[in-house]
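# A look at the structure
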Amino acid sequence: MINLSINGIAVSVEEGKTILEAAKKLHIHIPTLCYHKDLCVAGNCRVCVVEQAGVDRLVASCATPVNEGMEINTNSLKVRNCRKHIIELLLAEHNEECTKCYRNGHCELQTIAADLQITNQDFIDLVPDKQYSVDSYSPSIEKDDSKCIRCQRCVRTCAEIQSVGAIAVAHKGADMKISTFFNYSLNEVVCTNCGQCIVHCPTGALVEKSYVEQVWDAIADPEKHVVVQTAPAVRVGLGEELGFEPGTRVTSRMVSALRRLGFDSVLDTDFTADLTIMEEGTELLTRLKGALLDDNPEVSLPMATSCSPGWVKYIEHKYPQYLPNLSTCKSPQQMFGALAKTYYAKNIDVDPANIVSVSIMPCTAKKYEANRPEMKDSGYKDVDFVLTTRELAVMIKQAGIEFEQLNEENFDSIMGIGSGAGIIFGATGGVMEAALRTAYEIVTGREVPFENLEIKPVRGLAGVKEAVVPIVDVLPEWSFLEGVELKCAITNGLENAHQLMEAIDRGDRFYHFIEIMACPGGCLGGGGQPFPVDDEIRQKRMDAIYSEDLSLALRKSHENPEIVQIYKDFLEKPLSHKSHKLLHTSYVK
Ligand code: HC1
């Protein structure tokens, strides 16, 4: 352990820790901007400077490791003045129209300026003409350079966490800016729309493209029947935007709020998550049969999940040779959209032309996915508008709904029942676990051999997880699977996906089934979830998802009565002609 003192208080921390981390242990807050727990240290904003005894210049606490006997002052006049000047300089070139900014009240620069009581401006305003240009061509993300403080958190996120590199530093000195290849729109470069840059940006320089006004207009239109679906991870994130602790489950209050907002049908993406398991599980078994029994060289293994649109865009850009490995299943969001304007419209006797299909997602890439040209199998645009968890919170606040006072209500039927297997889709490993709960039972007639249906090897925040499930004592029709050890891998975050794909490509690893989610922690850590985020918060959301699963009597997709009913009344069977038309797709480079 290393012993030092901060503001005269003795503290011991492990070797290798920084001054910032040591101060945190003493509950001393040091402001930061370029620092983020998820990212490598940059030390470029200098807001976290502190005084170190015996050292002339101020040091960046985020980038300075502790030393034995160090004496640190985090609150001297010199430190306070320096921080103040740094913030004043940033504000001098910053778009200060805070009340018009989406991040108003959630902006780290604004918070530090308020904490430091920066009430006058000593530096000249460097952007007097207020002519700001915003890149708003992407269906998911808007980039506004006038709000950028060049901390490069987005650049590090895109490179380190996502291995994408769609945004980078351009030019030098005063001209330095965060840009794209040839300054093209985010819509035209390799951006996967994941929105991790948004949740790591300290200001409003990167935000989601908002469709809140369009949704209000649809709700106000008496001709329209507005159907809303809510993704599994929204219910464990929304509370954070509305004053609850991370990890609070707000499912039934959320349903109640959606009704009060005026949605005509309040339904659940978990229903189509269950449907995905039926379709994708059957597809996996069909592929295994082709490979193991028929020895068909055309069968592509491992089969990869396709419900994360950021991952789909990544594989399209970076590993197009593996596109045949993607499951042909659409994501639950898109399956829902296709069914909302066919099966559901018929059931409630509404002209599908008058249905407006809205989805609430923890994900910004879902906005992109809904706008993909092929997503029109219902004969209409399957999903009209996608809002993030944050945008739903905006609507709840705009409507003056006191969320904590709401009654707890249930989703409407039909397409409103989801099993615990559907809910766990929101956590990394959840799709795999849900698929195994069903596929194992179909093949053996028995439940998966894991206590309480909890397949622990696929759970948790680790970047790459592996599981081997031995299949024994199978039912006669599945005899080709007898004794097979089903090899599975799960990754979250695209850098981890990159590592996995490279290992597969080199032939170092073989799997039958892989689950890849674009965002750290899976959808619960999506680019549309509340700020701030780090692994501690992701873990709390994850715990909430698994506790919701445990709280339900219905925990397997194939036992969902509404799933049984839709196959009986409409789809006939998994991979039927109708399923293929509405629920499956293909992707191209
Ligand atoms: Fe997800 Fe999915 S789990 S992709 O993470 O398969 O966004 O929550 O809705 O579609 O169900 C996201 C979450 C979500 C889909 C489902």
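Owing to the predicted nature of the structure, the values given are computational and were not obtained by experimental measurement.

### Describing the site of the ligand
- Near the ligand, the surroundings consist of 16 residues, among which Ala231, Ala233, Gln333, Lys366 and Cys523 are the closest.
- In a pocket analysis with a 2 Å cut-off to the grid points, the ligand is assigned to the largest cavity.
- For the shell around the ligand, the class distribution of residues is eleven nonpolar, four polar and one charged.

### Here we look at the side chain of arginine 83
- As for its position among the elements, arginine 83 is in helix H2 (residues 77–92).
- Aspartate 115 provides the closest opposite charge to the buried, salt-bridge-free arginine 83, at an N-O distance of 9.5 Å.
- There is a polar contact of 3.1 Å between the side chain of arginine 83 and the backbone oxygen of valine 47.
- Residues contacting arginine 83, with those up to four places away along its chain left out, are Ile30, Pro31, Val47, Cys48, Val49, Val50, Thr74 and Leu116.

### Some remarks on the sheet that holds strand E6 (residues 134–135)
- One open sheet holds the three strands; their spatial order is E6-E7-E10, and the pairing between them is antiparallel. With one partner strand each, in any of the chains shown, E6 and strand E10 (206–208) form the two edges of the open sheet.
- Pairing of E6 with strand E7 (residues 141–144) involves two bridges; the strand directions are antiparallel. Considered in E7, the bridge of aspartate 135 is made with lysine 143.

### Considering the sheet that holds strand E3 (residues 49–52)
- Ordered by their spatial adjacency, five strands build an open sheet running E2-E1-E5-E3-E4, and the pairing between neighbours is mixed. A single partner strand is all that each edge strand has here, and the edge strands are strand E2 (9–13) and strand E4 (59–60).
- Bridge count between strand E1 (residues 2–6) and E2: five bridges; the pairing is antiparallel. For serine 5, the partnering residue across the bridge sits in E2 and is alanine 10.

### Examining the packing of aromatic side chains
- Scanning the entire structure with this criterion turns up nine aromatic pairs.
- Seen in terms of ring centroids, phenylalanine 182 and tyrosine 184 are 6.2 Å apart; in terms of plane orientation they differ by 35°. Their pairing is tilted.
- Its relative accessible area of 67% is what places phenylalanine 182 among the exposed residues.
- An angle of 85° between the planes, with centres 6.0 Å apart, marks the rings of phenylalanine 244 and phenylalanine 403 as edge-to-face. Here the residue phenylalanine 244 occupies a position in the loop between helix H7 (238–241) and helix H8 (251–261), and phenylalanine 403 occupies one in the loop between helix H13 (389–398) and helix H14 (420–423), the gap between them amounting to 159 residues.
- Under the relative-accessibility criterion, phenylalanine 403 is labelled buried at 1%.
- Between the NZ or CZ atom of lysine 313 and the centre of the ring of tyrosine 368, over which it lies, the distance is 5.2 Å.
- Residue placement shows arginine 459 over the ring face of tyrosine 546; its charged tip is 3.7 Å from the ring centre.

### Overview of the confidence of the model for the chain
- For the chain, the average pLDDT comes to 96, and 99% of its residues sit at 70 or higher.
- For this predicted complex, the interface score ipTM comes out at 0.93, while the overall pTM is 0.97.

### Observations concerning the packing of helix H10 (residues 309–318) against helix H16 (residues 494–506)
- Contact geometry for H10 and H16: axes closest at 11 Å, N-to-C directions at 45°. As judged from the angle between their axes, H10 and H16 are oblique. The element H10 and its partner H16 pack so that their crossing is right-handed. Where H10 abuts H16, its residues Gly310, Trp311 and Tyr314 lie against Leu494, Ala497, His498 and Met501.

### Observations regarding the packing of helix H9 (residues 269–293) against helix H18 (residues 561–571)
- Contact pair H9 / H18: the axes reach a minimum separation of 10 Å and the direction vectors enclose 65°. Viewed along their axes, H9 and H18 adopt a mutual orientation that is roughly perpendicular. Crossing angle aside, the handedness with which H9 passes H18 is right-handed. Facing Phe271, Asp274, Leu275, Met278 and Glu279 of H9, the residues of H18 in contact are Glu562, Ile563, Ile566, Tyr567 and Leu571.
- A breakdown of the residues in the contact of H9 with H18 according to their chemical character gives seven nonpolar, no polar and three charged.

### A word on the pattern of salt bridges
- Scanning the model with the defined rule gives 38 salt bridges in all.
- Of the charged contacts, one joins aspartate 534 and lysine 37 as a salt bridge, the two residues approaching to 3.4 Å between their closest N and O atoms. Taken together, the residues aspartate 534 in the loop between strand E18 (513–517) and helix H17 (535–550) and lysine 37 in the loop between helix H1 (19–25) and E3 connect sequence positions 497 residues apart.
- Owing to a relative accessible area of 45%, lysine 37 belongs among the partly exposed residues under this scheme.
- Across the pair lysine 341 and aspartate 384 runs a salt bridge, and its minimum N-O distance is 2.7 Å. Taken together, the residues span a long stretch of sequence, with lysine 341 in helix H11 (residues 332–348) and aspartate 384 in the loop between helix H12 (365–370) and strand E15 (385–388) at a distance of 43 residues. By the burial criterion, lysine 341 is buried, and aspartate 384 matches it.
- A network of salt bridges, in which partner residues are shared, links Glu433, Arg437, Glu454, Lys456, Arg459, Asp549 and Arg555.

### Digging into the environment of tyrosine 587
- With respect to the helices and strands, tyrosine 587 occurs in the segment after helix H19 (577–583).
- Taking relative accessible area as the criterion, tyrosine 587 reaches 11% and is therefore assigned buried.
- In sequence terms tyrosine 587 and threonine 328 are 259 residues apart; their C-alpha atoms lie 8.3 Å from each other.
- Not counting chain neighbours up to four residues away, the residues in contact with tyrosine 587 comprise Ser306, Val312, Glu316, Leu323, Leu326, Cys329, Arg372, Glu374 and Met375.

### A few points about the pairing of E3
- Strand direction decides the pairing type here: E3 and E4, joined by two bridges, are antiparallel. When the sheet's bridge partners are listed, valine 50 is paired in E4 with valine 59.
- Hairpin connection, E3 to E4: the antiparallel pair is bridged by six residues, and glycine 54 has positive phi, about 90°.
- Here E3 runs beside strand E5 (residues 71–73); their pairing, made up of two bridges, is antiparallel. Within E5, the residue paired with glutamate 51 across the bridge is asparagine 73.

### Digging into the pairing of strand E14 (residues 355–361)
- The buried count for E14 comes to seven of seven residues, which makes it a mostly enclosed element.
- Along E14, one buried face is formed by Ile355, Ser357, Ser359 and Met361 and the opposite face, lined by Val356, Val358 and Ile360, is buried too.
- Bridge count between strand E11 (residues 225–230) and E14: six bridges; the pairing is parallel. Following the sheet pairing, glutamine 229 is matched in E14 by serine 359.
- Note that E14 and E15 share four bridges and pair parallel. Paired with isoleucine 360 across the two strands is leucine 387, which belongs to E15.
- Note that the unit made of E14, H12 and E15 has a crossover that is right-handed.

Reading the values: the criteria
- Chains are numbered independently. Their residues run from 1 in the order of the written sequence.
- For a predicted model such as this one, the threshold for reporting local features is a pLDDT of at least 70, and the threshold for listing and counting side-chain atom pairs is 80 or more; totals across whole chains, interfaces and linings nevertheless cover every residue.
- Hydrogens and waters are ignored; side-chain quantities use all the structure's heavy atoms.
- The nearness test applies per residue and asks whether one of its heavy atoms lies within 4 Å of the molecule or strand.
- A cavity here means a set of points on a 1 Å grid, drawn over the protein atoms and nothing else, where a 1.4 Å probe fits but cannot get out; a pocket is an open set with protein on both sides within 12 Å along at least five of seven lines, and a residue lines either one if it has an atom within 4 Å of a point.
- A cavity or pocket is said to hold a molecule if more than half of that molecule's atoms lie within 2 Å of its grid points.
- Three categories are distinguished: nonpolar for Ala, Val, Leu, Ile, Met, Phe, Trp, Tyr, Cys and Pro, charged for Asp, Glu, Lys and Arg, and polar for the others, with Gly belonging to the last.
- The numbering of helices and of strands both runs from the N terminus, where a helix is a DSSP run of H or I of at least 4 residues and a strand a run of E of at least 2.
- Burial classification: accessible surface area is computed with a 1.4 Å probe over protein chains only, and a residue below 20% of its type maximum counts as buried, one above 50% as exposed, and the rest as partly exposed.
- When charges are counted, neither His nor the chain ends are considered; positive counts come from Lys and Arg and negative counts from Asp and Glu.
- Between Lys or Arg on one side and Asp or Glu on the other, a salt bridge is scored when a side-chain nitrogen of the former is within 4 Å of a carboxyl oxygen of the latter.
- Pairs of N or O atoms are called polar contacts if they sit within 3.5 Å, as long as, within protein, a hydrogen donor faces a hydrogen acceptor (for residues adjacent in sequence, only side-chain-to-side-chain pairs).
- Here, two residues are considered to be in contact whenever any of their heavy atoms come within 4.5 Å of each other.
- Whether two strands pair comes down to DSSP finding at least two bridges between them.
- Any Phe, Tyr or Trp ring, taking Trp's six-membered ring, that has another such ring centre within 6.5 Å forms a pair; planes under 30 degrees apart are called stacked, those over 60 apart edge-to-face, and the others tilted.
- Both a distance and an angle decide whether a charge sits over a ring: NZ of Lys or CZ of Arg must be within 6 Å of the ring centre and within 35 degrees of the ring normal.
- Residue-level confidence of the predictor is summarised by pLDDT, bounded by 0 at the bottom and 100 at the top.
- Each axis is a line fitted through C-alpha atoms, taken for helices only over the stretch in contact, and angles between the N-to-C directions span 0 to 180 degrees.
- Roughly parallel covers angles under 35 degrees, roughly antiparallel covers those over 145, roughly perpendicular covers 65 to 115, and oblique covers all other angles.
- The hand of a helix crossing depends on one turn: near helix anticlockwise from the far one by less than a right angle means left-handed, and clockwise means right-handed.
- When the strands point away from the viewer and the path from the first strand over the helix to the second turns clockwise, the crossover is right-handed.

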